[in-house]
Amino acid sequence: VLGEIIAGAVPRASGTVSVDGEAVDGGVAQHVAAGIAYVPPDRAEKGLITGASIVDNIQLASLHDTFATRRVGLWAVGRARRVAQEYVDSLGIVTESIDAPVSSLSGGNAQKVLLAKWLLRRPDILVLDAPTQGVDTGAREGIYDLLRAAAAEGTAIVLISDDLPELIGLSHRIGVVTNGRLVTVVDAPADAKPAEHDLVALMIPGTPTTDLFTTTNG
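What counts and what doesn't
Residues numbered from 1 in each chain as written. Predicted model: local features only at pLDDT ≥ 70, side-chain atom pairs only at ≥ 80, totals over all residues. Heavy atoms only, no water. Helix = DSSP H or I, 4+ residues; strand = E, 2+ residues; numbered from the N terminus. Rg over C-alpha atoms; globule rule 2.2 N^0.38 Å. Buried < 20%, exposed > 50% of the residue type's maximum accessible area, 1.4 Å probe, protein only. Contact = heavy atoms within 4.5 Å. Lys, Arg positive; Asp, Glu negative; His and termini not counted. Charge placed at Lys NZ, Arg CZ, Asp CG, Glu CD. Core = buried A, V, L, I, M, F, W, Y, C linked by side-chain atoms within 4.5 Å. Expected span 1.5 Å × (residues − 1). Salt bridge = Lys/Arg side-chain N within 4 Å of Asp/Glu carboxyl O. Pairing = 2+ DSSP bridges. Right-handed = clockwise from strand over helix to strand, strands pointing away. Patch = residues over 30% accessible without salt bridge, like charges linked within 9 Å, V, L, I, M, F, W, Y side chains within 5 Å. Areas by Shrake-Rupley, 256 points an atom, 1.4 Å probe, with all protein chains shown as cover. Arc of directions from axis to C-beta.

(A) Representation of the overall build of the chain in the model. When helices and strands are counted, the chain shows nine helices and eight strands. Scaling as 2.2 N^0.38, a compact globule of 218 residues should have a C-alpha radius of gyration of about 17 Å, and the chain matches this with 19 Å. Expressed along its principal axes, the backbone C-alpha trace of the chain runs to roughly 60 × 40 × 30 Å. Buried positions account for 42% of the 218 residues belonging to the chain. Here the contacts in the chain between residues at least 6 apart in sequence split such that 58% fall between residues at least 24 apart. The distance from the centre of the 17 positive side-chain charges to the centre of the 26 negative ones in the chain is 9 Å.

(B) Summary view of the nonpolar core. Within the largest apolar cluster, 45 residues are counted, with the highest numbers of intra-cluster contacts made by I54, I58, Y87, V113, L115, W118 and L126. For this core, the elements supplying multiple residues, two or more each, are β3 (36–39), α4 (54–59), α5 (77–91), α6 (107–119), β4 (125–129), α7 (137–152), α8 (164–170) and β6 (173–178). Counting residues per element, this core draws most heavily on α6, at seven residues. Residue contacts for L115: discarding those within four places in its chain leaves V39, L128, I143, L146 and L147. Core analysis: the second largest hydrophobic core is formed by ten residues, I6, I125, V127 and I160 among them.

(C) Representation of α6. The end-to-end C-alpha distance of α6 is 18 Å, a good match for the 18 Å that 13 residues give at a rise of 1.5 Å each. Along α6, twelve of the 13 residues are buried, which leaves the element largely enclosed by surrounding structure. When we look at burial in α6, the residues that qualify are G108, N109, A110, Q111, K112, V113, L114, L115, A116, K117, W118 and L119.

(D) Inspection of the side chain of K112 at higher detail. Among the secondary structure elements, K112 is positioned in helix α6. D145 is the oppositely charged side chain nearest to the buried, salt-bridge-free K112, at an N-O distance of 8.2 Å. When sequence neighbours within four positions are dropped, the list of residues in contact with K112 reads L91, G92, I93, I143 and L146.

(E) View of unusual backbone geometry. With a phi angle near 50°, R122 is a residue other than glycine that sits in the positive phi range. When you line up the elements, R122 lands in the loop between α6 and β4. Among the residues examined, R122 registers a relative accessible area of 65% and is labelled exposed. Backbone geometry at A130 places phi at a positive 50°, although glycine is not the residue there. Mapping A130 onto the fold places it in the loop between β4 and α7. For A130, a relative accessible area of 15% translates into the label buried.

(F) Expanded view of the pairing of strand β5 (residues 156–160). Relative to β5, β4 runs parallel, the two being bridged by five bridges. By the bridge assignment, V127 is partnered in β5 with V158. Considered for its hand, the β-α-β crossover made up of β4, α7 and β5 is right-handed.

(G) Summary view of the pairing of β4. Buried residues dominate β4, accounting for five of its five residues. Residues I125, V127 and D129 of β4 are buried on one face, and the alternating residues L126 and L128, pointing to the opposite face, are buried as well. In this structure, β3 lies alongside β4, joined through four bridges in parallel fashion. Of the residues in β4, the one forming a bridge with A37 is L126.

(H) Highlighting a nonpolar patch on the surface. On the surface, a nonpolar cluster with roughly 260 Å² of combined accessible area is contributed by L2, V177 and L182. Looking at the element boundaries, V177 is found in strand β6. Under the relative-accessibility criterion, V177 is labelled partly exposed at 46%.

(I) Spotlight on helix α9 (residues 196–203). For α9, the full list of buried residues reads D198, L199 and A201. Axial view of α9: buried residues confined to an arc of 155°, hence all on one face.

Here it is in structure tokens:
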């Protein structure tokens, strides 16, 4: 739910979503316009149109601007196909054609299509909810490389996951949320990663930790 709230898909009961200090209101369209992209945990139900082609899925979030033309209802098909092919090649999506339906792809390749759909928009903030759920080990590494590359290019990534090894390995800071509230922020630099059992302890009030890292309450 947290990811959907940040993305504007679910109304928030309180609090504020801000990008560069500016509050963002409204629904998904307003949040996308503000530079927020959201990758949901269930790609088949909420992220992709599995019966549609790879190119159709990649262009879907950008039809209204990137691929729009001056004629209402028409879009730059040739440009969309070129861009889709570029992402298929650069992300290593294994497929016979960009016209192949997403349903013909493996879980890892389908997830790369979903990432391409949002990376195309060059978002300021990319919210990822369980991004490697249902993806095999080999494909996970490819997805991790994509996320590191996006971060290196300036995209802020918000990773929501209950996979602690994944969370620890990818994150610079880890926010611990318990009962819907952010209770602690843990620094997780490359040379001083927190241990899994310490993060679990922070999720359970009153459980002692090894005190090997510094936390910031807020």
